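Chains, contacts and geometry: an overview
Chain by chain, the residues:
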Amino acid sequence: TYLMVTHDFRSINDPNIPHHKVLYAQELGMGPRDDSAFCHKGRNWHHDAWARIMAENTPVMIETGHLTAIGPDSVDPLKNEWQDSLIVKCIEDNRASYFSIHDYPELHLKRHRAVIEAANMRLGYRLVPEMISYPDEVKVGEPVEIVSRWHNAGVAKCYGGGKLQYMLLDKKGNICWSVIDDGFNVRSLEPTLDGVVKSQTVKTKLYFGYTEKIPVPDNAHAWAVVTGREPGDVLVMLPEGTYTLCV
């Protein structure tokens, strides 16, 4: 369970500076949460300045207002203030890793699925392999260099971090060989803010081979890349992260 600290511990006199109680909570590993923060008409959130400060080290959570009170299903049609466009805007302004909702998930998806899907493309971190280059053929025991280029398409860091792990799979999906790049951590990928993409090129140097207990498969392989903390402890399986090495 990840603990958050509510925005009610706020600096009333200066909304740009986190309250000392909020900073203390961050020292304990908590992130800030701002509830009923967005989708009212106009820019209705007020703590994004210190949310951005805290986003350097801990995840930020934001929450929508009450859809049944300010949306098209409101009992008072005159209070229909809901604005879809503010979801992504609020996520970006606060560098949010999570957002929660008031009311009913089914209603949110029915009314706002398109914008929720767009929000998911920016929320938190999103590791994107722009390019992975490797030799078509490799020999056991010989040095190999894999060159890759990455960026974070989200608005927040990958706080847990992770190291690149390359794996060679046989036709049945069994792992024949794997290696971890200890010199690169995905936490170092800066989020994409204001349209600025900060890519990093990674050169992984390794020696190719098989472990003793795994038989050498036939010559058809698939090349996979994941991120994790320890060998076999996979944190993020990247989308479409399987690449043909040789056939």
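Up top is the structure these notes are about.
No experiment lies behind these values; they were computed from the predicted model shown.

Details of the overall build of the protein
What the protein contains, in helices and strands, is five helices and 11 strands. The buried share of the protein, reckoned over its 247 residues, is 45%. Sequence separation of 24 or more characterises 73% of the internal contacts of the protein that already satisfy a separation of 6 or more. If you sum the accessible surface of the protein, you get close to 13,600 Å²; carbon and sulfur atoms cover 52% of it.

Quick notes on the environment of Val202
Structurally, the position occupied by Val202 is in strand β9 (residues 200-207). Taking C-alpha positions, Val202 is 5.7 Å from Val147, a pair spaced 55 residues apart along the chain. Among all residues touching Val202, those that are not within four sequence positions of it are Ile146, Val147, Ser148, Trp150, Leu164, Asp181 and Phe184.

Observations regarding the sheet that holds strand β6 (residues 143-152)
A sheet is described by the order of its strands in space; here three strands give the open sequence β5-β6-β9, paired in antiparallel fashion. Looking at the sheet topology across the chains shown, the edges are occupied by β5 (127-133) and β9. Looking at each pair of strands side by side, their axes are set apart by 30° on average, direction ignored. Here eight bridges tie β6 to β9, and the two strands are oriented antiparallel to one another. Each bridged residue has a counterpart across the sheet, and for Trp150 the counterpart in β9 is Gln200.

Some remarks on helix α5 (residues 105-120)
With 16 residues, α5 ought to run about 22 Å at 1.5 Å a step, yet its terminal C-alpha atoms sit only 15 Å apart, falling short of that. The largest bend in α5 comes to about 95°, at His112. Of the positions making up α5, those classed as buried are Leu107, His108, His112, Val115, Ile116 and Ala119. Elements in contact with the buried residues of α5: β3 (61-64), α3 (67-70), α4 (85-94) and β4 (98-100).

Thresholds, definitions, all that
Residues numbered from 1 in each chain as written. Predicted model: local features only at pLDDT ≥ 70, side-chain atom pairs only at ≥ 80, totals over all residues. Heavy atoms only, no water. Helix = DSSP H or I, 4+ residues; strand = E, 2+ residues; numbered from the N terminus. Buried < 20%, exposed > 50% of the residue type's maximum accessible area, 1.4 Å probe, protein only. Contact = heavy atoms within 4.5 Å. Areas by Shrake-Rupley, 256 points an atom, 1.4 Å probe, with all protein chains shown as cover. Pairing = 2+ DSSP bridges. Axes fitted to C-alpha atoms, helices over the stretch in contact; angles between N-to-C directions. Expected span 1.5 Å × (residues − 1). Bend = angle between axes of the 7 residues up to and from the residue.

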